[in-house]
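If you want the building blocks of each chain, they are given just below.
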Amino acid sequence: MKQTKLFSKTKKETPPDEASLNAQLLLRAGYIDKLMAGVYTYLPLGLQVLSNIQDIVREEMNKIGGQEILMPALSPKSNWQKTGRWEGFDVLFKLKGSGDKEYALGASHEEVVTPLVDKYVNSYRDLPVSLYQIQTKFRDEPRPKSGLLRGREFSMKDLYSFHRDQADLDKYYEKFITAYKKIFSRCGLDVKLVKASGGTFSKFSDEFQVFTPYGEDIVFSCSKCDLHQNKEIFAGDKCPNCQGKLEKNKAIEVGNIFKLGSKYAKDFNLTYTDEKGQEQDVIMGCYGIGISRLLGAVVEVHHDKAGIIWPTNIAPFRVHLIPIGADKNQEIQATATDLYKSLQEKNIGVLYDDRVDIGVGQKFADADLLGLPVRLVISEKTIARGGCEVKKRAEKEAKIVLLDKLTEYLSEG
Ligand code: ATP
Ligand code: MG
């Protein structure tokens, strides 16, 4: 992509009404735009990051047998009354349509997926089933001020699994712990598994938390045995496991998995017939990842004073190519253009800073703010040495790499 064609531009000023670091950096760098508190547009670069994360999530969910569907965002009041969540879900957006009919905007999808599965599952032979979607969720969060970490409209992956008994659910549930750890590590996040209250339906749920000073959650961690517990459920000053000393950490919850038991199956009369011809309740689990919160969390963790530092797997482009002095020197222009084409041919994502009226200082500042993993500079100095200057965003030092060795260098990571 040529930078002169890029729809968004960087901004010098930090937006005055944004307290959170993730939104400040993403807004200044032109990844997102703010429509109102907790509601953002994803601009081309931001959408690319979001979809890179979604692809990773999709891949790992498919690997453990998830089948992707897309459910509606709009659902009828009657379904929410059946589960008690028309009144019970505090942040549910409620709408009135024509004829005074009432609807909810999807804040979660148990009320849609359970009656859906009831249409297809009759016998034990139809189980287990695992369905997921990546979809926009709506929650009327009071005073959202954490940027992408807490939206009123946000991207979530929600998976629902359906089982014949608790043992089958327990086995499947364990697979998520491994799959989730893989997803978060592929996205460049170090995530801790944290015990939390299970809500109404089970004793515990498992949260996936990223420790950062900007997190809204508080987690108590044992320094000895690696047990982590959410403050919400925890009472005491020693580890309940080993009596070790506890540390207090701020954290961001990027994912959460629950055993739902038969709560929703009972509400919608979702049953199956077992081998003996007996009717049984279906047992459910649900598994969420806040995709857009994850994006915000990555920025909270991976940045410095100058801007964002994207992990390679989710960066919008791998390389930021910057010629210096191309307007006055044909050879620089030609070398940079050739390199741009050859990187594209090799499927190495590249943003080409072809702007001619911008000084070197500004170009470098923009590159740091945008945070692409590798900066390549072509200048008179590098051409004299037959190469280009390579600098990783996360590192201080630059070095010269010969042009014909560049692809090899990039493929080494
Ligand atoms: P929280 O306690 O942070 O409000 P939650 O327990 O309400 O989260 P779930 O209903 O389990 O969250 O949703 C699954 C995932 O969706 C969460 O783990 C989180 O990553 C994400 N999420 C929840 N609410 C929001 C929000 N308002 N904005 C962005 N992501 C969210
Ligand atoms: Mg919530």
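Refer to the structure presented above.
A short tour of the structure in this document, coming up. Source: prediction; values computed, not measured.

## With respect to the overall build of the chain
Here is step 1 of the chain: Counting secondary structure elements, the chain contains 12 helices and 23 strands.
Here is step 2 of the chain: Projecting the C-alpha coordinates of the chain onto the three principal axes gives extents of approximately 80 × 60 × 45 Å.
Here is step 3 of the chain: Counting all 413 residues of the chain, 52% fall into the buried class.
Here is step 4 of the chain: A sequence separation of at least 24 residues applies to 66% of the contacts in the chain between residues at least 6 apart.
Here is step 5 of the chain: When the 60 positive and 57 negative side-chain charges of the chain are each reduced to one mean point, those points stand 2 Å apart.

## A few points about the layout of surface pockets
Here is step 1 of the chain: What the largest pocket holds in volume is close to 1200 Å³.
Here is step 2 of the chain: Forming the boundary of the largest pocket are 44 residues, of which Phe89, Arg139, Glu253, Asn256 and Phe258 lie nearest the centre.
Here is step 3 of the chain: Where the lining of the largest pocket is concerned, the elements lending two or more residues are α4 (85-88), β8 (153-163), β10 (204-211), β11 (217-222), β13 (246-261) and β16 (283-290).
Here is step 4 of the chain: The residue makeup of the lining of the largest pocket, split by class, is 18 nonpolar, 13 polar and 13 charged.
Here is step 5 of the chain: In this structure, the second largest pocket spans a volume of roughly 290 Å³.
Here is step 6 of the chain: Forming the walls of the second largest pocket are 17 residues, and the residues nearest its centre are Tyr42, Thr136, Glu153, Phe154 and Ser155.

## With respect to the site of ligand 1
Here is step 1 of the chain: Surveying the vicinity of ligand 1 reveals 14 residues, the closest of which are Arg139, Glu141, Arg150, Gly151 and Glu253.
Here is step 2 of the chain: In this structure, an oxygen atom belonging to ligand 1 sits 3.3 Å away from a side-chain N or O atom of Asn256.
Here is step 3 of the chain: For ligand 1, an oxygen atom lies 3.3 Å from a polar atom in the backbone of Gly290.
Here is step 4 of the chain: Protein chains shield 82% of the accessible area of ligand 1, which is 580 Å² for the free molecule.
Here is step 5 of the chain: Put simply, the parts of the chain that give the shell around ligand 1 at least two residues each are β8 and β13.
Here is step 6 of the chain: Ranked by residue count, the leading element in the shell around ligand 1 is β13, at four residues.
Here is step 7 of the chain: Tallied by class, the residues present in the shell around ligand 1 amount to five nonpolar, four polar and five charged.

## Details of the sheet that holds strand β21 (residues 374-378)
Here is step 1 of the chain: Read across the sheet, five strands follow the order β20-β19-β21-β22-β23 without closing on themselves; strand pairing throughout is mixed. Two strands lie at the open edges of the sheet, namely β20 (350-352) and β23 (398-402), each paired on one side alone. Direction aside, neighbouring strands of the sheet carry axes that sit 25° apart on average.
Here is step 2 of the chain: Here strand β22 (residues 387-392) runs beside β23; their pairing, made up of five bridges, is antiparallel. Paired with Lys391 across the strands is Ala398, a residue of β23.
Here is step 3 of the chain: Against the sheet, helix α9 (residues 330-345) contacts β19 (319-323), β20 and β21, and its axis sits at roughly 155° relative to β20.
Here is step 4 of the chain: Across the sheet, helix α10 (residues 360-370) is in contact with β19, β20 and β21; its angle to β19 comes to roughly 175°.

## What to know about the packing of helix α2 (residues 44-63) against helix α6 (residues 166-186)
Here is step 1 of the chain: Two elements in contact, α2 and α6, have axes separated by 10 Å at closest approach and are oriented at 160°. The orientation of α2 with respect to α6, classified from their angle, is roughly antiparallel. Every pair of crossing elements has a handedness; the one defined by α2 and α6 is right-handed. Between α2, through Ile56, Val57, Glu59, Glu60, Met61 and Lys63, and α6, the contact on the second element is made entirely by Phe176, Ala179, Tyr180, Lys182, Ile183 and Arg186.

Quick notes on the rules
- Residues numbered from 1 in each chain as written.
- Chains lettered and ligands numbered in written order.
- Predicted model: local features only at pLDDT ≥ 70, side-chain atom pairs only at ≥ 80, totals over all residues.
- Heavy atoms only, no water.
- Helix = DSSP H or I, 4+ residues; strand = E, 2+ residues; numbered from the N terminus.
- Buried < 20%, exposed > 50% of the residue type's maximum accessible area, 1.4 Å probe, protein only.
- Contact = heavy atoms within 4.5 Å.
- Lys, Arg positive; Asp, Glu negative; His and termini not counted.
- Charge placed at Lys NZ, Arg CZ, Asp CG, Glu CD.
- 1 Å grid on protein atoms, 1.4 Å probe; cavity = no way out; pocket = protein on both sides within 12 Å on 5 of 7 lines; lining within 4 Å.
- Points joined across faces, edges and corners; volume = space filled by probe spheres on them.
- Nonpolar A, V, L, I, M, F, W, Y, C, P; charged D, E, K, R; others polar.
- Near = heavy atom within 4 Å.
- Polar contact = N/O pair within 3.5 Å; in protein donor to acceptor, adjacent residues only side chain to side chain.
- Areas by Shrake-Rupley, 256 points an atom, 1.4 Å probe, with all protein chains shown as cover.
- Pairing = 2+ DSSP bridges.
- Axes fitted to C-alpha atoms, helices over the stretch in contact; angles between N-to-C directions.
- Parallel < 35°, antiparallel > 145°, perpendicular 65-115°, else oblique.
- Left-handed = near helix turned anticlockwise from the far one by under 90°.

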